[in-house]
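Listed below, chain by chain, are the residues.
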Amino acid sequence: MQREWKLAHGRSLTLGDRALIMGVLNVTPDSFSDGGVHYSLDQALEGAREMIAEGASIIDVGGESTRPGATRVEPAVEQSRILPVIEALVKETDIIISVDTYREETARLAVAAGAHIVNDVWGVQREPAIADLAVETGAGLVIMHTGRERERDPDVIVDQFAFLNRSLEIAKVAGVSRDQIVLDPGFGFAKDTAENIALMDRFVELEAFGYPFLVGTSRKRFLRATSGGEQQEWDIATAASSAILRIAGADIFRVHNVAMSQSALALADAVLQSRRSRQ
(Lines give C-alpha, C1' and ligand atoms only; values in the text may rest on other atoms or scores of the structure.)
Protein backbone atom coordinates (compact mmCIF):
# COMPACT_ATOMS: atom_id res chain seq x y z
CA MET A 1 0.00 0.00 0.00
CA GLN A 2 1.39 3.38 -1.04
CA ARG A 3 1.60 6.07 1.66
CA GLU A 4 3.12 9.54 1.91
CA TRP A 5 5.39 10.07 4.89
CA LYS A 6 5.17 13.75 5.82
CA LEU A 7 8.46 15.34 6.91
CA ALA A 8 9.80 18.70 8.08
CA HIS A 9 10.57 21.58 5.70
CA GLY A 10 7.73 20.62 3.37
CA ARG A 11 9.34 17.36 2.28
CA SER A 12 7.80 13.88 2.03
CA LEU A 13 8.67 10.35 0.98
CA THR A 14 6.47 7.86 -0.83
CA LEU A 15 6.45 4.51 0.96
CA GLY A 16 5.23 1.19 -0.35
CA ASP A 17 6.11 0.91 -4.04
CA ARG A 18 9.79 0.23 -3.44
CA ALA A 19 12.11 -0.30 -0.52
CA LEU A 20 13.88 2.82 0.71
CA ILE A 21 17.33 2.77 2.29
CA MET A 22 18.44 4.87 5.24
CA GLY A 23 22.23 5.08 5.35
CA VAL A 24 23.86 5.02 8.79
CA LEU A 25 26.21 7.95 9.44
CA ASN A 26 27.56 7.64 12.98
CA VAL A 27 29.61 10.70 13.86
CA THR A 28 31.06 8.92 16.88
CA PRO A 29 34.34 7.35 18.01
CA ASP A 30 32.71 4.27 19.56
CA SER A 31 29.76 2.92 17.55
CA PHE A 32 29.83 -0.86 17.44
CA SER A 33 30.87 -1.45 13.81
CA ASP A 34 31.86 1.91 12.36
CA GLY A 35 33.09 3.98 15.29
CA GLY A 36 35.57 6.61 14.11
CA VAL A 37 34.99 5.99 10.39
CA HIS A 38 32.91 9.18 9.97
CA TYR A 39 34.15 11.09 13.00
CA SER A 40 35.47 14.21 11.27
CA LEU A 41 33.31 16.50 9.16
CA ASP A 42 35.20 15.59 5.99
CA GLN A 43 34.91 11.86 6.74
CA ALA A 44 31.19 12.22 7.44
CA LEU A 45 30.52 14.11 4.23
CA GLU A 46 32.51 11.62 2.17
CA GLY A 47 30.59 8.75 3.75
CA ALA A 48 27.28 10.46 3.04
CA ARG A 49 28.23 11.15 -0.57
CA GLU A 50 29.11 7.49 -1.07
CA MET A 51 25.82 6.27 0.42
CA ILE A 52 23.82 8.72 -1.69
CA ALA A 53 25.63 7.56 -4.84
CA GLU A 54 24.82 3.95 -3.92
CA GLY A 55 21.11 4.68 -3.63
CA ALA A 56 20.32 5.84 -0.09
CA SER A 57 17.14 7.92 0.14
CA ILE A 58 17.81 9.05 3.72
CA ILE A 59 20.98 9.74 5.71
CA ASP A 60 20.62 9.06 9.45
CA VAL A 61 23.08 11.19 11.43
CA GLY A 62 23.88 10.15 15.00
CA GLY A 63 26.23 11.61 17.59
CA GLU A 64 25.95 9.07 20.40
CA SER A 65 26.53 5.33 20.21
CA THR A 66 23.51 3.21 21.15
CA ARG A 67 25.44 -0.07 21.34
CA PRO A 68 25.05 -2.06 24.59
CA GLY A 69 27.29 -0.63 27.30
CA ALA A 70 28.14 2.56 25.40
CA THR A 71 28.97 5.63 27.47
CA ARG A 72 26.37 8.35 27.23
CA VAL A 73 27.64 11.73 26.09
CA GLU A 74 26.54 15.19 27.13
CA PRO A 75 23.98 16.86 24.85
CA ALA A 76 26.49 19.55 23.92
CA VAL A 77 28.95 16.91 22.71
CA GLU A 78 26.27 15.12 20.69
CA GLN A 79 25.23 18.41 19.12
CA SER A 80 28.78 19.48 18.31
CA ARG A 81 29.22 16.23 16.38
CA ILE A 82 26.03 16.22 14.31
CA LEU A 83 25.00 19.82 13.67
CA PRO A 84 27.93 20.74 11.39
CA VAL A 85 27.30 17.57 9.38
CA ILE A 86 23.59 18.31 8.97
CA GLU A 87 24.29 21.92 8.00
CA ALA A 88 26.87 20.84 5.43
CA LEU A 89 24.58 18.17 3.95
CA VAL A 90 21.77 20.71 3.56
CA LYS A 91 24.11 23.05 1.66
CA GLU A 92 25.56 20.33 -0.56
CA THR A 93 22.63 17.98 -1.27
CA ASP A 94 18.85 17.67 -1.24
CA ILE A 95 18.98 14.31 0.57
CA ILE A 96 16.42 13.60 3.28
CA ILE A 97 18.21 13.84 6.64
CA SER A 98 17.28 11.98 9.81
CA VAL A 99 18.71 12.73 13.26
CA ASP A 100 19.27 9.71 15.49
CA THR A 101 18.59 11.07 18.98
CA TYR A 102 16.28 10.64 21.95
CA ARG A 103 16.93 14.17 23.25
CA GLU A 104 14.36 16.85 22.46
CA GLU A 105 16.96 19.62 22.65
CA THR A 106 19.23 17.90 20.13
CA ALA A 107 16.30 17.03 17.88
CA ARG A 108 15.07 20.63 17.91
CA LEU A 109 18.48 22.01 16.95
CA ALA A 110 18.88 19.34 14.25
CA VAL A 111 15.53 20.11 12.64
CA ALA A 112 16.33 23.83 12.77
CA ALA A 113 19.61 23.01 11.00
CA GLY A 114 17.72 21.21 8.24
CA ALA A 115 16.93 17.66 9.39
CA HIS A 116 13.60 16.26 8.21
CA ILE A 117 13.14 13.24 10.51
CA VAL A 118 13.68 12.49 14.20
CA ASN A 119 14.67 8.86 14.81
CA ASP A 120 14.04 8.17 18.52
CA VAL A 121 15.40 4.87 19.88
CA TRP A 122 13.33 5.32 23.06
CA GLY A 123 10.04 5.70 21.20
CA VAL A 124 9.21 9.17 22.67
CA GLN A 125 9.03 7.58 26.12
CA ARG A 126 12.29 8.97 27.51
CA GLU A 127 11.63 12.55 26.37
CA PRO A 128 7.96 12.86 25.30
CA ALA A 129 8.61 16.46 24.25
CA ILE A 130 9.99 15.00 21.01
CA ALA A 131 6.36 14.36 20.06
CA ASP A 132 5.57 18.04 20.69
CA LEU A 133 8.53 18.97 18.49
CA ALA A 134 7.15 16.80 15.68
CA VAL A 135 3.84 18.64 15.91
CA GLU A 136 5.52 22.07 15.88
CA THR A 137 7.88 21.37 12.98
CA GLY A 138 6.07 18.72 10.94
CA ALA A 139 9.09 16.43 11.28
CA GLY A 140 8.78 12.78 10.42
CA LEU A 141 8.99 10.65 13.55
CA VAL A 142 10.49 7.18 13.82
CA ILE A 143 9.16 5.54 16.99
CA MET A 144 11.38 2.61 17.95
CA HIS A 145 10.69 -0.29 20.29
CA THR A 146 13.28 -1.05 22.92
CA GLY A 147 13.47 -3.64 25.67
CA ARG A 148 16.05 -1.74 27.69
CA GLU A 149 15.54 -0.71 31.32
CA ARG A 150 12.10 -2.27 31.77
CA GLU A 151 10.22 -5.52 32.33
CA ARG A 152 9.38 -7.25 29.07
CA ASP A 153 6.72 -9.71 28.01
CA PRO A 154 8.33 -13.03 27.02
CA ASP A 155 6.38 -13.04 23.74
CA VAL A 156 8.23 -10.73 21.34
CA ILE A 157 5.10 -9.63 19.47
CA VAL A 158 3.04 -9.02 22.62
CA ASP A 159 5.89 -6.86 23.89
CA GLN A 160 5.97 -4.91 20.62
CA PHE A 161 2.31 -4.01 21.01
CA ALA A 162 2.65 -3.19 24.71
CA PHE A 163 5.54 -0.78 24.19
CA LEU A 164 4.65 0.77 20.84
CA ASN A 165 1.00 1.33 21.75
CA ARG A 166 2.17 3.36 24.73
CA SER A 167 4.44 5.38 22.44
CA LEU A 168 1.64 5.91 19.94
CA GLU A 169 -0.64 7.16 22.70
CA ILE A 170 1.99 9.76 23.69
CA ALA A 171 2.20 10.86 20.06
CA LYS A 172 -1.59 10.97 19.71
CA VAL A 173 -2.06 13.09 22.82
CA ALA A 174 0.60 15.50 21.57
CA GLY A 175 -1.21 15.77 18.24
CA VAL A 176 1.29 14.08 15.93
CA SER A 177 -0.38 13.21 12.62
CA ARG A 178 -0.49 9.55 11.61
CA ASP A 179 1.20 10.39 8.32
CA GLN A 180 4.28 11.65 10.21
CA ILE A 181 4.87 8.34 12.00
CA VAL A 182 6.93 5.29 11.07
CA LEU A 183 7.48 2.46 13.55
CA ASP A 184 10.67 0.46 14.17
CA PRO A 185 10.63 -2.93 16.00
CA GLY A 186 14.11 -2.27 17.40
CA PHE A 187 16.07 -5.31 16.32
CA GLY A 188 18.92 -5.90 18.75
CA PHE A 189 17.76 -3.56 21.51
CA ALA A 190 17.69 -5.86 24.58
CA LYS A 191 16.69 -8.82 22.42
CA ASP A 192 18.77 -11.98 22.27
CA THR A 193 19.45 -13.98 19.11
CA ALA A 194 16.40 -16.20 19.47
CA GLU A 195 14.13 -13.22 20.08
CA ASN A 196 15.45 -11.35 17.05
CA ILE A 197 14.98 -14.40 14.83
CA ALA A 198 11.44 -14.85 16.20
CA LEU A 199 10.72 -11.19 15.48
CA MET A 200 11.85 -11.66 11.89
CA ASP A 201 9.78 -14.82 11.56
CA ARG A 202 6.63 -13.15 12.93
CA PHE A 203 7.18 -9.69 11.48
CA VAL A 204 4.03 -9.87 9.36
CA GLU A 205 1.98 -9.80 12.59
CA LEU A 206 3.05 -6.17 13.06
CA GLU A 207 0.87 -5.18 10.09
CA ALA A 208 -1.95 -4.90 12.62
CA PHE A 209 -0.50 -1.57 13.74
CA GLY A 210 -1.42 -0.03 10.40
CA TYR A 211 1.78 2.02 10.19
CA PRO A 212 4.80 1.80 7.88
CA PHE A 213 7.87 0.13 9.37
CA LEU A 214 11.56 0.91 9.35
CA VAL A 215 13.93 -1.93 10.29
CA GLY A 216 17.56 -1.85 11.34
CA THR A 217 19.21 -5.25 11.41
CA SER A 218 22.50 -3.99 10.00
CA ARG A 219 25.54 -5.76 11.50
CA LYS A 220 23.60 -6.53 14.66
CA ARG A 221 24.96 -9.11 17.07
CA PHE A 222 22.30 -11.69 16.23
CA LEU A 223 23.35 -11.64 12.57
CA ARG A 224 26.98 -12.01 13.56
CA ALA A 225 26.00 -14.95 15.77
CA THR A 226 24.25 -16.71 12.89
CA SER A 227 26.62 -15.79 10.04
CA GLY A 228 29.98 -15.64 11.83
CA GLY A 229 33.01 -14.38 9.96
CA GLU A 230 34.02 -10.77 9.45
CA GLN A 231 32.29 -7.58 8.38
CA GLN A 232 31.66 -8.77 4.80
CA GLU A 233 29.69 -11.74 6.12
CA TRP A 234 27.72 -9.43 8.43
CA ASP A 235 26.80 -7.23 5.46
CA ILE A 236 25.69 -10.27 3.47
CA ALA A 237 23.51 -11.37 6.40
CA THR A 238 22.16 -7.81 6.68
CA ALA A 239 21.19 -7.81 3.01
CA ALA A 240 19.50 -11.20 3.38
CA SER A 241 17.57 -10.09 6.47
CA SER A 242 16.50 -6.90 4.69
CA ALA A 243 15.12 -8.89 1.75
CA ILE A 244 13.25 -11.22 4.11
CA LEU A 245 11.74 -8.28 5.99
CA ARG A 246 10.84 -6.47 2.77
CA ILE A 247 8.81 -9.47 1.65
CA ALA A 248 7.20 -9.48 5.11
CA GLY A 249 6.13 -5.83 4.77
CA ALA A 250 8.91 -3.47 5.94
CA ASP A 251 9.32 -0.21 4.03
CA ILE A 252 12.62 1.42 5.09
CA PHE A 253 15.95 -0.26 5.80
CA ARG A 254 18.62 1.34 8.00
CA VAL A 255 21.96 -0.10 6.87
CA HIS A 256 25.71 0.54 6.85
CA ASN A 257 26.46 -1.05 3.45
CA VAL A 258 24.00 0.62 1.10
CA ALA A 259 25.14 -0.99 -2.15
CA MET A 260 24.82 -4.57 -0.93
CA SER A 261 21.39 -4.06 0.60
CA GLN A 262 20.22 -2.14 -2.47
CA SER A 263 20.85 -5.20 -4.64
CA ALA A 264 19.03 -7.56 -2.25
CA LEU A 265 16.08 -5.20 -1.89
CA ALA A 266 15.77 -4.75 -5.66
CA LEU A 267 15.22 -8.51 -5.93
CA ALA A 268 12.68 -8.45 -3.09
CA ASP A 269 10.83 -5.59 -4.82
CA ALA A 270 10.73 -7.59 -8.06
CA VAL A 271 9.12 -10.50 -6.21
CA LEU A 272 6.56 -8.17 -4.64
CA GLN A 273 5.79 -6.60 -8.02
CA SER A 274 5.22 -10.06 -9.49
CA ARG A 275 2.91 -10.86 -6.58
CA ARG A 276 0.92 -7.62 -7.05
CA SER A 277 0.52 -8.29 -10.78
CA ARG A 278 -1.28 -11.56 -10.01
CA GLN A 279 -3.75 -9.99 -7.61
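Scope of this entry: the structure provided in the associated data block. (Residues numbered from 1 in each chain as written. Predicted model: local features only at pLDDT ≥ 70, side-chain atom pairs only at ≥ 80, totals over all residues. Heavy atoms only, no water.)

Some details on the pairing of strand S4 (residues 58–62)
Rules: Buried, partly exposed and exposed residues are distinguished by accessible area as a fraction of the type maximum, computed with a 1.4 Å probe on protein chains only: under 20%, between the cut-offs, and over 50%, respectively. Secondary structure elements are defined from DSSP: runs of H or I of at least 4 residues count as helices, runs of E of at least 2 residues count as strands, and each element is numbered from the N terminus. Here, a strand pair is defined by DSSP locating no fewer than two bridges between the strands.
Counting buried residues along S4, 5 of its 5 residues qualify, which places the element largely inside the surrounding structure. Covered by surrounding structure in S4 are Ile 58, Asp 60 and Gly 62 together with Ile 59 and Val 61, the residues of both alternating faces. Bridge count between strand S3 (residues 20–26) and S4: 5 bridges; the pairing is parallel. Note on S4: the bridge partner recorded for Asn 26 is Gly 62. Examined bridge by bridge, S4 and strand S5 (residues 96–100) share 5 bridges and lie parallel to one another. Bridge assignment links Ile 58 to a residue of S5, and that residue is Ile 96.

Details of the pairing of strand S1 (residues 3–6)
Working note: regular strand, side chains alternate between the two faces of the sheet. Relative to strand S2 (residues 12–15), S1 is paired through 4 bridges, and the arrangement is antiparallel. Note that in S2 the partner of Trp 5 across the bridge is Leu 13. Taken together, S1 and the strand that follows it, S2, pair antiparallel across an intervening segment of 5 residues, in which His 9 is found at a positive phi of about 60 degrees.

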